[in-house]
Amino acid sequence: MSFNKWMMFVFLFSILSFSISGFASDKEDPLTQHKNNNTVKEHTVEPSHEKVENKATHTKVATHETEHSVQGHGHINLGEVLPLWSCIPFACMLLSIALFPLLTPEFWHHHFGKVSAFWVVTLALPFLIAFKGDALYEILHIILADYVPFIILLWSLYTVSGGILLRGTLRGTPALNTIMLIIGTILASWMGTTGAAMLLIRPFLRANNYRKNRTFMVVFFIFLVANVGGSLTPLGDPPLFLGFLHGVSFFWTFKILPHMLVVSLILLVVFFTLDSYYYHNEGITPPEEEGVKVPIKLEGAHNFIFLAGIVLSVLMSGIVDWGEVNTFGVHRAVQDWVRDFLLLAMGILSMMLTSLKLREDNNFTWFPIIEVGYLFIGIFITMIPCLLILKAGSKGDLAFLINAVKEPVHYFWITGALSAFLDNAPTYLTFLNTALGSFYAHLTEAQAVPLLMSENAVYLKAISTGAVFFGACSYIGNAPNFMVRSISEEAGTPMPSFFGYILKYSLVFLVPCFLIVTLIFF
């Protein structure tokens with residue numbers, strides 16, 4: 001079967017399958033539908049079904065969750081009726097990212113946007129035919145409430161960091177590379193994994209441009225700076241920020257410092273050992289520019305002001321409450337829109353006040369952010385059924401998985417495994433609410449979260465570390481992973497394929513670390 005025929009077959013199969021699902025759901029007994037609607041009043045399991053007790057919680061729910069999965073009288077909860085095979089377009093999207101660059105690299109380079117659009121249509125069209133207004137709401141919601149702020153944050157950080165240039169002779173030795181990873185790991189908790197990764201990846205690549213074996217360096221950079229380092233504060237990683245919005249105190253996450261130190265120290269020791277081995281076997285002497293060592297000089301330092309503005313804007317959006325605004329039926333907090341406009345302003349100011357010559361010297365191009373933008377709109381939309389089924393908890397097709405989560409070790413590994421391929425923020429929230437429902441079903445969220453932090457802290461630690469650490473397991477596990485990969489490839493550093501990254505690095509280096517964390521803490 002030719003490629004075009006195969007794609008058409010998948011497309012027609014999706015339309016037929018979703019239409020059958022929609023017909024089946026339309027035939028649902030009215031009493032059952034009414035019962036589904038009433039679940040919106042329950043607090044215990046789904047994040048979208050929480051009872052809002054105060055305005056702070058109200059803003060947080062509206063900002064980060066699909067709070068209208070059940071939309072008023074007579075509407076179904078899509079997560080309860082969608083079958084598991086509705087996740088096929090998402091699986092195909094991931095397979096496209098994994099296989100096309102290997103099998104048809106030239107085609108992929110020129111047409112990755114079209115491939116992403118194809119899978120979006122394959123999901124969206126039958127989804128809309130089957131579920132009409134409910135489906136339209138979910139698509140608009142994930143675009144406006146998730147994808148738009150996601151890509152704006154990435155774009156602003158990418159633009160601002162691209163205007164910061166470290167000139168001079170900085171050559172990557174095992175000691176220097178390890179120091180840079182330590183610095184990045186520390187920064188990640190305070191300026192976010194994306195901010196730290198975008199700030200340091202170019203100097204890191206430039207320092208090692210004379211080395212033969214660079215791929216493993218970037219992979220460990222993703223492990224530490226783009227993921228594990230963001231464990232200590234809500235600013236570090238989206239799941240922890242979401243926990244902060246739902247009542248987890250700002251400095252509570254310091255309680256997972258021991259977990260972070262164990263993983264970080266193991267990875268740093270392994271990295272230093274590997275780098276030392278390759279460094280000595282390569283037999284390459286660090287070149288000097290015209291025999292003269294050029295002093296280290298930082299240019300574009302004014303962009304640190306814009307970088308601070310980005311971090312403060314994100315923090316502001318989680319603290320203040322300015323009400324809500326309805327955009328195409330999707331409720332978002334006013335402060336979230338303000339944050340997005342502030343981030344755009346930071347990026348635009350950086351472009352206006354930073355010379356093109358500096359950006360050119362920094363090897364800055366727009367291709368990495370364009371690639372991420374095209375691919376992640378496909379990822380976000382095609383994973384809608386996966387997230388809805390997950391949020392349906394014990395009433396969805398993943399009930400067997402949700403019901404199996406009982407011990408801290410279950411929370412750690414299942415939250416982590418799903419976070420490696422799905423959006424780790426809603427995954428974190430789903431299992432946070434599963435834990436709250438298990439221990440404090442009779443309490444409101446505002447009452448239950450402080451008790452979970454104190455009486456059953458080990459469960460919250462398991463959820464938090466699972467969501468953050470496992471984001472390093474794949475290129476799509478956390479926002480900066482794919483960006484770092486794109487920037488590195490553009491700079492001439494070969495990177496492993498999607499599955500190559502998982503098989504050669506994640507399974508070999510990360511999973512043993514997680515097993516050690518399990519044995520020690522869970």
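Not measured: the values here are computed from a predicted model. (Residues numbered from 1 in each chain as written. Predicted model: local features only at pLDDT ≥ 70, side-chain atom pairs only at ≥ 80, totals over all residues. Heavy atoms only, no water.)

### Structural notes on the overall build of the protein
In terms of helices and strands, the protein carries 23 helices and four strands. Expressed as a percentage of its 522 residues, the buried residues of the protein come to 59%. Taking as baseline every contact in the protein between residues at least 6 positions apart, the subset at least 24 positions apart corresponds to 80%. Looking at the protein as shown, the accessible area adds up to about 20400 Å², and 70% of this sits on carbon and sulfur atoms. (Helix = DSSP H or I, 4+ residues; strand = E, 2+ residues; numbered from the N terminus. Buried < 20%, exposed > 50% of the residue type's maximum accessible area, 1.4 Å probe, protein only. Contact = heavy atoms within 4.5 Å. Areas by Shrake-Rupley, 256 points an atom, 1.4 Å probe, with all protein chains shown as cover.)

### Quick look at empty space enclosed by the protein
For the structure shown, the criterion picks out four cavities of 30 Å³ or more. Contributing to the lining of the largest cavity are 42 residues, with Pro149, Phe150, Leu153, Pro238 and Ala479 lying nearest its centre. Within the residue set of the lining of the largest cavity, elements represented by two or more residues are helix H3 (55-64), helix H6 (105-161), helix H8 (193-207), helix H10 (238-245), helix H12 (303-319), helix H13 (334-353), helix H15 (367-382) and helix H19 (424-439). If one sorts the elements of the lining of the largest cavity by residue count, H6 sits on top with seven residues. (1 Å grid on protein atoms, 1.4 Å probe; cavity = no way out; pocket = protein on both sides within 12 Å on 5 of 7 lines; lining within 4 Å. Points joined across faces, edges and corners; volume = space filled by probe spheres on them.)

### Brief notes about H15
Taking 1.5 Å of rise per residue, 16 residues should cover 22 Å, and H15 covers 23 Å from first to last C-alpha, within 8% of that figure. Burial analysis of H15 places 12 of its 16 residues in the buried class, the great majority of the element. Within H15 the residues assigned to the buried category are Pro368, Ile369, Glu371, Val372, Gly373, Leu375, Phe376, Gly378, Ile379, Phe380, Ile381 and Thr382. On its buried side, H15 packs onto helix H5 (88-103), H6, helix H16 (384-391) and helix H22 (479-490). (Expected span 1.5 Å × (residues − 1).)

### Description of the packing of aromatic side chains
What describes a pair of aromatic rings is the distance from one ring centre to the other and the angle between the planes of the rings. Tallying each qualifying case throughout the model produces 45 aromatic pairs. When the ring of Phe250 is compared with that of Phe251, the centres are 5.0 Å apart and the planes differ by 75°; the resulting orientation is edge-to-face. For Phe251, a relative accessible area of 55% corresponds to the exposed category. Taking 5.0 Å as the distance between ring centres and 35° as the angle between the ring planes, the aromatic pair formed by Phe412 and Phe522 counts as tilted. In this pair, Phe412 sits in helix H18 (residues 408-419) while Phe522 sits in the segment after helix H23 (498-521), placing the two residues 110 residues apart along the sequence. Grouping residues by exposure puts Phe412 and Phe522 together as buried. For the cation-ring pair, Arg332 lies above Trp337, with the distance from its terminal atom to the ring centre recorded as 4.4 Å. The cationic tip of Arg359 hangs over the ring face of Phe364; the distance from NZ or CZ to the ring centre is 4.9 Å. (Phe/Tyr/Trp six-rings, centres within 6.5 Å; stacked < 30°, edge-to-face > 60°. Lys NZ or Arg CZ within 6 Å of the ring centre and 35° of its normal.)

### A look at the confidence of the model for the protein
When the pLDDT values of the protein are averaged, the result is 82; 84% of them are 70 or greater. Ranking the helices and strands of the protein by mean pLDDT puts helix H9 (residues 215-224) first, with 96, and H3 last, with 37. Low pLDDT, under 50, characterises residues 1-11; the predicted model gives this stretch 12 contacts beyond four residues in sequence or across chains. Under a pLDDT of 50 for its full length, residues 21-74 has, in the predicted model, 124 contacts with residues more than four places off or in other chains. (pLDDT = per-residue confidence, 0-100.)

### Some remarks on a nonpolar patch on the surface
There is a patch of nonpolar side chains on the surface, built from Leu95, Leu99, Leu102, Leu103, Phe499, Leu503, Leu507 and Val508 and spanning about 750 Å² of accessible area. Those elements that place two or more of their residues in the nonpolar patch are H5 and H23. Here Leu102 lies in helix H5. You can call Leu102 exposed: its relative accessible area is 55%. (Patch = residues over 30% accessible without salt bridge, like charges linked within 9 Å, V, L, I, M, F, W, Y side chains within 5 Å. Salt bridge = Lys/Arg side-chain N within 4 Å of Asp/Glu carboxyl O.)

### Digging into unusual backbone geometry
Positive phi is not limited to glycine here, since Lys132 has a value of about 50°. Within the secondary structure, Lys132 sits in helix H6. A positive phi angle is found at Asn363, which is not glycine, with a value near 55°. The topology assignment puts Asn363 in the loop between helix H14 (356-361) and H15.

### Considering the environment of Leu375
Mapping Leu375 onto the fold places it in helix H15. Separated by 278 residues in sequence, Leu375 and Ile97 place their C-alpha atoms 8.3 Å apart. The contact partners of Leu375, leaving out residues within four places of it in the chain, are Met93, Trp108, Phe112, Ser116 and Phe482.

### Let's talk about the pairing of strand S3 (residues 324-327)
Relative to strand S4 (residues 330-333), S3 runs antiparallel, the two sharing four bridges. Note that in S4 the partner of Glu324 across the bridge is Ala333. What sits between S3 and S4 in their antiparallel hairpin is a turn of two residues, with Phe328 showing a positive phi close to 55°. (Pairing = 2+ DSSP bridges.)

### Considering the side chain of Asp237
Along the polypeptide, Asp237 turns up in the loop between H9 and H10. Although Asp237 lies buried, it forms no salt bridge, and the closest oppositely charged side chain, Arg339, sits 14 Å away as judged by the N-O distance. Looking at Asp237, its side chain comes within polar contact range of the side chain of Thr193, at 3.3 Å. Polar side-chain contacts of Asp237 include one of 3.0 Å to the side chain of Asn478. The contacts of Asp237, once residues within four sequence positions are left out, are Thr193, Gly230, Asn424, Val468 and Asn478. (Lys, Arg positive; Asp, Glu negative; His and termini not counted. Polar contact = N/O pair within 3.5 Å; in protein donor to acceptor, adjacent residues only side chain to side chain.)

### Description of the packing of H6 against H8
Following both chains from N to C, one finds H6 and H8 inclined at 30°, their axes separated by 9 Å at the closest point. As far as their axial angle goes, H8 and H6 are roughly parallel. Viewed along their axes, H6 and H8 form a crossing whose handedness is right-handed. Seen from H6, the contacting residues are Leu154, Leu157, Tyr158 and Ser161; seen from H8, they are Thr194, Gly195, Met198, Leu199 and Arg202. By residue class, the composition of the contact of H6 with H8 is five nonpolar, three polar and one charged. (Axes fitted to C-alpha atoms, helices over the stretch in contact; angles between N-to-C directions. Parallel < 35°, antiparallel > 145°, perpendicular 65-115°, else oblique. Left-handed = near helix turned anticlockwise from the far one by under 90°. Nonpolar A, V, L, I, M, F, W, Y, C, P; charged D, E, K, R; others polar.)

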